[in-house]
Amino acid sequence: GSHNYFLSSNGDYVFDTGSTELARLTTTGNLGIGTTSPNTLLHIRDTAIPQGYSSNSNTLLALENSGDTSLEIGSGHNNTSSIFFGDTGANNKGQINYYNGTGGDAMSFHANGSERMRITSDGKVGIDVAGHDPLTKLHVQGNSNAALLDVLTITNSPGSSGTEVGMVFECGADEIARISAKHDS
């Protein structure tokens, strides 16, 4: 089949196969693939959402589908797939990494330029664990010489008089221990 491109009557550049429009570059600079009215710098549509879809005004990339929608980042085995968040001061203020293969098939989350949380391939979660993977299912590490360092807060909100908050320890389906605190006014 043939592929054509032409200038539409409203000034948009249209790319088609003769019977099906494939892409459109609007006079405002928005590129649409699968849509005749891209509302972001790059708008990719597989199937239109019946209720309509409108992007946030700050959005540069919109992926639209009436069913499940995915964004895939692929990299070679033993390499890292990343998403970076930055500002004018630094391009790595925030970061999400997936370490493939020998990287442990782990995921890390960074804030303010440092790793803050890691999820390993066996489901262990480490928060502020520096220099190694988490040792238990949930490993929270403080990095302070303070006499008291709070590393976990459990809240029952609004916590009115007579309510309790607690932690339950189970082995199988059996409760082994409980730590609780009651709010008395």
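Residues numbered from 1 in each chain as written. Predicted model: local features only at pLDDT ≥ 70, side-chain atom pairs only at ≥ 80, totals over all residues. Heavy atoms only, no water.

A closer look at the sheet that holds strand β8 (residues 94-99)
Judged by pairing direction, the sheet is mixed, and its six strands sit side by side in the order β7-β8-β9-β10-β11-β12 without closing on themselves. Every interior strand has two partners, whereas the edge strands, β7 (80-85) and β12 (138-140), have only one. Ignoring strand direction, the axes of neighbouring strands in this sheet form an average angle of 15°. Pairing of β7 with β8 involves six bridges; the strand directions are antiparallel. Each bridged residue has a counterpart across the sheet, and for Ile83 the counterpart in β8 is Ile96. (Pairing = 2+ DSSP bridges. Helix = DSSP H or I, 4+ residues; strand = E, 2+ residues; numbered from the N terminus. Axes fitted to C-alpha atoms, helices over the stretch in contact; angles between N-to-C directions.)

Remarks on a nonpolar patch on the surface
Together, Ile33, Leu41, Ile44, Leu60, Leu61, Leu71, Ile73, Ile83 and Phe85 give the surface a local cluster of nonpolar side chains, amounting to about 810 Å² of exposed area. Structurally, the position occupied by Leu61 is in strand β6 (residues 61-64). Residue Leu61 is classed as partly exposed on the basis of its relative accessible area, which comes to 40%. (Patch = residues over 30% accessible without salt bridge, like charges linked within 9 Å, V, L, I, M, F, W, Y side chains within 5 Å. Areas by Shrake-Rupley, 256 points an atom, 1.4 Å probe, with all protein chains shown as cover. Salt bridge = Lys/Arg side-chain N within 4 Å of Asp/Glu carboxyl O. Buried < 20%, exposed > 50% of the residue type's maximum accessible area, 1.4 Å probe, protein only.)

With respect to empty space enclosed by the protein
Following the criterion strictly, the structure yields one cavity of 30 Å³ or more and no others. Estimated volume of the largest cavity: approximately 40 Å³. At the level of secondary structure, the elements contributing two or more residues to the lining of the largest cavity comprise β10 (114-119) and β11 (125-127). For the lining of the largest cavity, the per-class residue count stands at four nonpolar, two polar and five charged. (1 Å grid on protein atoms, 1.4 Å probe; cavity = no way out; pocket = protein on both sides within 12 Å on 5 of 7 lines; lining within 4 Å. Points joined across faces, edges and corners; volume = space filled by probe spheres on them. Nonpolar A, V, L, I, M, F, W, Y, C, P; charged D, E, K, R; others polar.)

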